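Remarks on the overall topology
For reference, the chains in residue letters:
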Amino acid sequence: MKNLLTVKNLDFVFPGGDGNQGHHALKNFSMELKKENVTLLVGPNGAGKSTLIFLLTGINLSHSHSIDFDGQSTPDKKWKSRLGFMPEKSSLPLFMTPDSLLRLLFQLVIPAMNRRIVSRKIDELLSLVGLSEVSNKRMSGFSKGMLQRVSIAQMLINDPEFIVMDEPMSGLDESGQQLLMSLVKKFKEDKKTVLISTHKIDEFKEYADQVIEIKAGELAFLGDAQKYFFNRNQSVSV
Amino acid sequence: MNGIKCVAEYTVKEIVNEKVFLISTLFSFFLIGFVFFATKLTPLETPRVFFDLGRIAISGALFFFVVYFAPLIVKNDHENRIVYLFLSRPISRWEYQLGRILGFAFALLIFQIVISIAMLVFMVVVGSNVHIGLLVYFGFNFIKFLTLGVLGLLIAQWLGFFSCMIIMVGVFILGVNVDYLYQIANADSNASNLVLYYLSWFIPKFSIFSIASFATYGLPMPIHEFFGRLIYGILLFSILSVGAVVSFWKKVL
């Protein structure tokens, strides 16, 4: 299977911190992300998972050209229009309603789309995440779980080919978690490329094809998910 | 262009939906109303006193607006992570930051128009001479505070909310004072004043936009004065905007 993303010898340093040298978040990091696979990105807090995600989604830019974005050296607009991203912590403007936020994002991502179609798509998305009844209420009164549901809806507006989720289970209640799992199942059936950064790896065990483990900014494991879980179980039993 | 428009539209909504926006608008109405009643108590020429005090009230309101909202929208970008929502979409960093600047400018313009209309209404009531010079005055006032706001958008990327506010206040006070020194130095060209003259060029000269005398008395403004100040304002705004865009482009989030 072809690679969607290839990272070769990537170094990424945050300026400031650790004296004048900055914080070395990723060190000589290499990985491949296969198309149509569900990949889990695991590792302890501060290992560099979010840093890697920000580089792959184009939020931060690596000027070393160490990442191949499906044949391109930079995450340009064409790349981003194929991407759906759900950040770890809520990054939603709380003064807006879910409807007005999705409308704004539709305008940004698919400006030529007919207004009636946009309205219909927004209704479908909000119904999918179970927020139809609060679609015109300000998000300032929403619980953490409801905000995560809005975050899921905004991730799906462009029917993305490549889906990146950073700690998606965080804040979700039982029904929210079930919704998320059913979505991951559907992504797998639809042959989408999915990257999930998570601490709750067992939850996604059933759907994972590949695992990438990062420790202290370095690649600790890259390979088949079954092999990873087998090795982990072995080490636990020993 | 679509990305810039979306971010600008979002920025206007973000500012207008802040409670502080409503409070500052109401407070500026209160200030103008207060000036109106205070003017009635003076034995001096009412229209002129009203204009002098009223424009101070408007400048105070605009000053508060830029010093509060410029650092606030940058803070929202970083602390509330709004920036992630946009930058993972088909939009370049420069488009995002330009959208932020234009949205900020548009929100400031809305604020300026609202409070200027309130002032014009009171001016008609007190019998002031409402003339085209006022439009020029309000226009230059807008450019002055927009320039200060963009400076805030630039420095807030690297400093905290309060540090940025303090620096903006400092730059404004310094800019006005240095400009007065420049005017003194210009009148007397001895060596020490020449140092002041050159020094003054490194500090934004906000008072160069002050055209209160033209506006108050409805005097015709010399064409070179008008275009000189306009070009200076646009140039300063453009330089700071480019600085804010480049700085954001290089920033690691």
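Scroll up to find the structure.
What counts and what doesn't
Position numbers for residues count from 1 along each chain, tracking the sequence in the order it is written. Here chains are named by letter from A upward and ligands by number from 1 upward, in the order in which they appear as written. For this predicted model, a pLDDT threshold of at least 70 governs which residues receive local features, and a threshold of 80 or more governs which side-chain atom pairs are given and counted, while totals over whole chains, interfaces and linings are taken from all residues. Note that water and hydrogens are dropped before the side-chain values are worked out from all heavy atoms of the structure. Two strands are counted as paired when DSSP detects at least two bridges linking them. A helix here means a DSSP run of H or I that spans at least four residues, while a strand means a run of E at least two residues long, and both kinds are numbered starting from the N terminus. Only the contacting stretch of a helix is used when fitting its axis, a line to C-alpha atoms as for every element, and angles between N-to-C directions run 0 to 180 degrees. In this description, contact between two residues means that some pair of their heavy atoms is separated by no more than 4.5 Å. Roughly parallel covers angles under 35 degrees, roughly antiparallel covers those over 145, roughly perpendicular covers 65 to 115, and oblique covers all other angles. Crossings are assigned a handedness: left-handed for a near helix turned anticlockwise from the far helix by less than a right angle, right-handed for a clockwise turn. In this classification, Asp, Glu, Lys and Arg are treated as charged, Ala, Val, Leu, Ile, Met, Phe, Trp, Tyr, Cys and Pro as nonpolar, and every other residue, Gly included, as polar. A 1.4 Å probe defines the accessible area here, and the buried area is the portion of it lost by two parts on being joined, summed over both. When a carboxyl oxygen of Asp or Glu is within 4 Å of a side-chain nitrogen of Lys or Arg, the pair counts as a salt bridge. Helix span, as expected, comes to 1.5 Å for every residue beyond the first. A 1.4 Å probe rolled over the protein chains alone gives each residue an accessible area, and that area as a share of the maximum for its type sets the label: buried under 20%, exposed over 50%, partly exposed in between. Two rings from Phe, Tyr or Trp (for Trp, the six-membered ring) form a pair when their centres are within 6.5 Å of each other. A pair whose planes differ by under 30 degrees is stacked, one over 60 is edge-to-face, and the rest are tilted. For a ring to carry a charge above it, either NZ of a lysine or CZ of an arginine must fall within 6 Å of the ring centroid while also lying within 35 degrees of the normal to the ring plane. Residue types Ala, Val, Leu, Ile, Met, Phe, Trp, Tyr and Cys, when buried and joined through side-chain atoms within 4.5 Å, form a set referred to as a nonpolar core.

**A word on the sheet that holds strand E3 (residues 38–42) of chain A**
Sheet strands line up and pair through hydrogen bonds in the backbone, either parallel or antiparallel. All names here are of chain A. Pairing in this open sheet of 6 strands is mixed, and the strands run E5-E6-E7-E3-E8-E9 from one edge to the other. The open sheet has two free edges, formed respectively by strand E5 (83–86) and strand E9 (218–224), since each of these has just one partner strand. Each neighbouring strand pair of the sheet contributes to a mean axis angle of 15°, computed without reference to strand direction. As defined by bridge partners, E3 adjoins strand E7 (residues 193–197) across 4 bridges and the pair is classed as parallel. Bridge pairing in E7 links leucine 41 to serine 197. Strands E5 and strand E6 (162–166) of the sheet are contacted by helix H5 (residues 144–155), whose axis makes an angle of about 170° with E5.

**What to know about the environment of A:Val184**
Residues and elements named next belong to chain A. Here valine 184 shows up in helix H6 (residues 174–189). A C-alpha to C-alpha distance of 8.1 Å links valine 184 and valine 194, two positions 10 residues apart in sequence. Sequence-distant contacts of valine 184, defined by excluding residues within four places in its chain, comprise Met165, Ile196, Phe204 and Tyr207.

**Notes on the packing of helix H2 (residues 19–40) of chain B against helix H3 (residues 46–79) of chain B**
Residues and elements named next belong to chain B. At their nearest, the axes of H2 and H3 sit 9 Å apart, and the two run at 165° to each other. Comparing their axes, H3 and H2 come out roughly antiparallel. Of the two possible hands of crossing, H2 and H3 adopt the one that is right-handed. Counted together, Val20, Phe21, Ser24, Ser28, Leu31, Ile32, Val35, Phe36 and Thr39 of H2 and Thr46, Val49, Phe50, Leu53, Gly54, Ala57, Ile58, Ala61, Phe64, Phe65, Tyr68 and Phe69 of H3 form the full contact between these two elements. Taken together, the residues of the contact of H2 with H3 sort by class into 16 nonpolar, 5 polar and no charged.

**A closer look at the interface of chain B and chain A**
Residue-level contacts link 27 residues of chain B with 35 residues of chain A. The junction of chain B with chain A conceals about 2,700 Å² of combined surface from both sides, 64% of it contributed by carbon and sulfur atoms. The largest share of the area that chain B buries against chain A comes from B:Leu85, B:Arg89 and B:Pro90, three residues that together contribute 26% of it. Our count for the contact surface shared by chain B and chain A stands at 1 salt bridge. The salt bridge partner of A:Lys77 is B:Glu95, with a shortest N-O separation of 2.9 Å. Sorting the residues of the side of chain B that touches chain A by element identifies helix H1 (2–16), helix H4 (82–87) and helix H5 (93–126) of chain B as the ones contributing at least two each. With 8 residues, H1(B) is the single largest residue contributor to the side of chain B that touches chain A. Tallied by class, residues from the side of chain B that touches chain A come to 12 nonpolar, 6 polar and 9 charged.

**Quick notes on the sheet that holds strand E1 (residues 3–14) of chain A**
All names here are of chain A. Within the open sheet, the 3 strands sit side by side as E2-E1-E4. Their pairing is antiparallel. A strand with exactly one partner marks an edge of an open sheet, and here the two such strands are strand E2 (23–34) and strand E4 (67–69). Each strand axis lies, on average, 20° off the axis of its neighbour in the sheet, ignoring direction. Relative to E2, E1 runs antiparallel, the two sharing 8 bridges. Residue valine 13 lies in a different strand from E2, and its bridge partner there is histidine 24.

**Considering the pattern of salt bridges**
Under the criterion given, the structure shown has 15 salt bridges over all chains. The partner of A:Arg120 in a salt bridge is A:Glu124, with the nearest N and O atoms 3.2 Å apart. In this pair, A:Arg120 and A:Glu124 both sit in helix H4 (residues 115–128), 4 residues apart, roughly one turn of the helix. Note that B:Glu14 is salt-bridged to B:Arg100, the shortest N-O span being 2.6 Å. With B:Glu14 in helix H1 and B:Arg100 in helix H5, the pair connects residues that are 86 residues apart, well separated along the chain.

**Considerations on helix H3 (residues 98–109) of chain A**
Residues lying three or four places apart along an α-helix face the same way, a consequence of the helix completing one turn every 3.6 residues. The terminal C-alpha atoms of H3(A) lie 16 Å apart, and with 12 residues this matches the ideal 16 Å at 1.5 Å per residue to within 8%. Counting buried positions along H3(A) yields 9 of 12 residues, so the element is predominantly enclosed. Among the residues of H3(A), A:Pro98, A:Asp99, A:Leu101, A:Leu102, A:Leu104, A:Leu105, A:Phe106, A:Leu108 and A:Val109 are the ones counted as buried. In this structure, the buried residues of H3(A) make contact with H4 and H5 of chain A together with H1 and H4 of chain B.

**A few points about the packing of aromatic side chains**
All names here are of chain B. Scanning the model with the defined rule gives 29 aromatic pairs over all chains in all. When the ring of phenylalanine 30 is compared with that of phenylalanine 34, the centres are 6.3 Å apart and the planes differ by 25°; the resulting orientation is stacked. On the criterion of helical spacing, the pair formed by phenylalanine 30 and phenylalanine 34 is a turn pair, its members being 4 residues apart in helix H2. Of the two residues, phenylalanine 30 and phenylalanine 34, both sit in the exposed class. Between the aromatic rings of phenylalanine 145 and phenylalanine 172, the centroid separation amounts to 5.9 Å while the plane-to-plane angle is 25°, which identifies the pairing as stacked. Taken as a pair, phenylalanine 145 in helix H6 (residues 132–155) and phenylalanine 172 in helix H7 (residues 161–187) lie far apart in primary sequence, 27 residues in all. Each of the two residues, phenylalanine 145 as well as phenylalanine 172, counts as buried. Feature note: the residues Phe21, Phe64, Phe65, Tyr68, Phe69, Phe104, Phe111, Phe161 and Phe162 constitute an aromatic cluster, connected by ring pairs. One Lys or Arg, lysine 75, reaches over the ring of phenylalanine 161 and ends 5.5 Å from the middle of that ring. Directly above the ring of tryptophan 158 sits lysine 251, whose terminal nitrogen or CZ lies 4.3 Å from the centroid.

**Re the nonpolar core**
Here is a general trend for soluble globular proteins: nonpolar side chains tend to be buried in one another's company. Counting 91 residues, the largest nonpolar core has A:Phe29, A:Leu40, A:Leu52, A:Ile152, A:Phe162, A:Met165 and B:Phe86 as the members making the most contacts within it. In terms of residue count, H3(A) provides more of this core than any other element does, 7 residues in total. Sequence-distant contacts of B:Phe86, defined by excluding residues within four places in its chain, comprise A:Leu104, A:Leu108, B:Val7, B:Tyr10, B:Ile91 and B:Tyr96. If you look at the next biggest cluster of nonpolar residues, it comprises 57 residues, including B:Phe21, B:Ala105, B:Val150 and B:Phe161.

The analysis is restricted to geometry; functional conclusions fall outside its scope.
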